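The primary structure of each chain is shown beneath.
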Amino acid sequence: MSDKANAPTATPAAGSSAGLRGVAAATSSMSDVLGDKGQLIYQGFDIHDLAAYSTFEETIFLLWNKRLPKQAELDELKRDLCAHYEIPAEVIALMKRIPREADPIDVLRTTISALEFYDPTSRNLSRDASVKTAVKLTAQFPTLVAAADRIRNGLEPVKPNPQFNIATNFLYMLKGEPPSEQDAKMFDVALILHADHELNASTFAARVVAGTLADMYGAVTAAIAALSGPLHGGANTAVMKTLLEIGDVANVDGFIKKALAEKRKIMGFGHAVYRTEDPRATHLRRFSQEMGERTGDMKWYEMSRKVEEVMMREKGLYPNVDFFSASTYYMMGIPLDLYTPIFAVSRISGWTGHILEQYADNKLIRPRAEYIGARDAKYIPIAER
Ligand code: COA
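Note that the structure is a prediction, hence the values are computed from the model and not measured. Sequence order sets the numbering: in each chain, residues are counted from 1 along the sequence as written. Given that this is a predicted model, residues contribute local features only at a pLDDT of at least 70 and side-chain atom pairs are listed and counted only at 80 or more, while totals for whole chains, interfaces and linings are drawn from all residues. Computation of side-chain values: all heavy atoms of the structure, hydrogens and water removed.

Asker: Help me out: how do you make sense of the overall build of the protein chain in this one?
Answerer: Secondary structure is summarised from DSSP: a helix means a run of H or I of at least four residues, a strand means a run of E of at least two, and numbering begins at the N terminus for each. Counting secondary structure elements, the protein chain contains 17 helices and three strands. When we talk radius of gyration, it's over C-alpha atoms, and the globule rule is simply 2.2 Å times the number of residues to the 0.38. Rg of the C-alpha trace for the protein chain: 22 Å, near the compact-globule value of 21 Å for 385 residues, within the 12% margin. The principal-axis extent of the C-alpha atoms belonging to the protein chain is close to 70 × 55 × 50 Å. Burial classes follow relative accessibility: with a 1.4 Å probe on protein chains only, a residue under 20% of its type's maximum area counts as buried, one over 50% as exposed, and anything between as partly exposed. In the protein chain, which comprises 385 residues, the proportion classed as buried is 50%. Only heavy atoms enter the contact rule, under which two residues are in contact if any of them lie within 4.5 Å. By sequence separation, contacts in the protein chain at least 24 residues apart represent 76% of the contacts at least 6 residues apart. As displayed, the protein chain has an accessible area near 18800 Å², and 53% of this comes from carbon and sulfur atoms. We get accessible surface area from the Shrake-Rupley algorithm with a probe of 1.4 Å; when it comes to residues, only the shown protein chains can shield them.

Below is the structure:
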């Protein structure tokens, strides 16, 4: 290729892709979304196999190391995670000063950013040091989310129990008592299902920040902000609000048709990549049904199934990961505005895995914009305009 061909272009090529749809903006072995087949793989493993046989901790190892761990390696990772569950007292003190009505996802964003002050090795971006930071972040996310909920309710945070895995520990710290085995297992699988999803908006945000060689706390803070939007991780809370607004299975048909006629988006449906069933929804649908059976109240599951049926009939759209997680968490007694922070409790494993990849082979992410503004505008002094 000639030097001329390699030279940066002064003006980007016309025809930029709106929302970067279909553009490969990074190489990654973390996960692949096969939109037409409805398949999701993490480091080569089908999500259905991981949901059936793995644990969240094992999945974390897989995402960070590109392979499944041997027993001793998994034990070591678990020990490391448990050893870092606690958060600094200064961050708990900060949380107590945040307005009680603050959205928990925003509390998470602010406290993750603050955690960086108390980590003296945060700016060391070597692989070894970065894995240690990833361990700390992954271990501390659940503690922060549970503490945020307790503090806003005027309660003292529950100290994490290092005997518990991440899923059990989170539910324990949230409610103050250990969860049932079924709840803990279901939650563990939900964490596996949300762990990574290729170059979604929050992961891309994390990689853009990491690409400047900013530290992992900064990259993750940006990712949380991106996740909070209703078109991304904020959708699960919005789903439950919609179900509560609908109120009864008999109202579903009329409600959805009216909303669609008003060009309202129904949260929890559609996807930027999947053109068939989101494989994560398959498991979460089953969890929603199981929770209905266990609580003896099938209303939320049945209403969700009806919404699914009407959306397929009216728009040909499938439910995504957020649709059935909403009713599942609701029946587990989890407050609505914690659904998105819970998404983050899982996705931190994927974000940190992508950041490790980015640091390992970094190139500043700096795309171009297709300029559509005026050119050659003549400056007129303000008094003459
Ligand atoms: N409810 C109603 N209509 C929807 C819809 C939804 N949830 N999702 C997509 N559509 C419609 C759009 O209105 C659009 O119709 P049009 O062509 O008549 O204008 C068409 O389907 C394509 O939608 P678009 O938003 O361009 O698709 P996208 O691939 O850019 O967006 C999402 C994907 C996820 C942003 C979009 O489906 C959405 O907003 N879903 C709801 C939010 C959600 O659940 N987010 C979580 C994602 S995991």
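Asker: So what exactly am I meant to see when it comes to the domain arrangement of the protein chain here?
Answerer: By a frequent convention, interface size equals the accessible area lost on bringing the separate parts together. The start and end points of each domain follow an automatic or database-based domain assignment. Structurally, the protein chain comprises domain 1 (46-227 + 339-360) and domain 2 (235-331). The C-alpha-based centres of domain 1 and domain 2 are spaced at 27 Å. On the side of domain 2, 21 residues touch domain 1, which itself brings 18 residues to the contact. Accessible area that two parts lose when put together, with a 1.4 Å probe and added across both, is what the buried area reports. Here domain 1 meets domain 2 over a buried area of about 1700 Å², counting both sides, of which 65% is carbon and sulfur. Salt bridge criterion: a side-chain nitrogen from Lys or Arg within 4 Å of a carboxyl oxygen from Asp or Glu. Residues Asp 183 and Arg 294 are paired through a salt bridge, measuring 2.2 Å at the closest nitrogen-oxygen approach. Polar contacts, as used here, are pairs of N or O atoms within 3.5 Å; protein pairs need one atom able to donate a hydrogen and one able to accept it. Residues neighboring in sequence count only if both atoms are side-chain atoms. Inspection of the domain 1/domain 2 interface yields seven residue pairs in polar contact (both at pLDDT 80 or more). The dominant element in the side of domain 1 that touches domain 2, judged by the number of residues it contributes, is helix H9 (residues 181-194), at eight residues. The residue makeup of the side of domain 1 that touches domain 2, split by class, is ten nonpolar, six polar and two charged. All residues other than Ala, Val, Leu, Ile, Met, Phe, Trp, Tyr, Cys, Pro, Asp, Glu, Lys and Arg, Gly among them, are scored as polar; the first ten of these are nonpolar and the last four charged.

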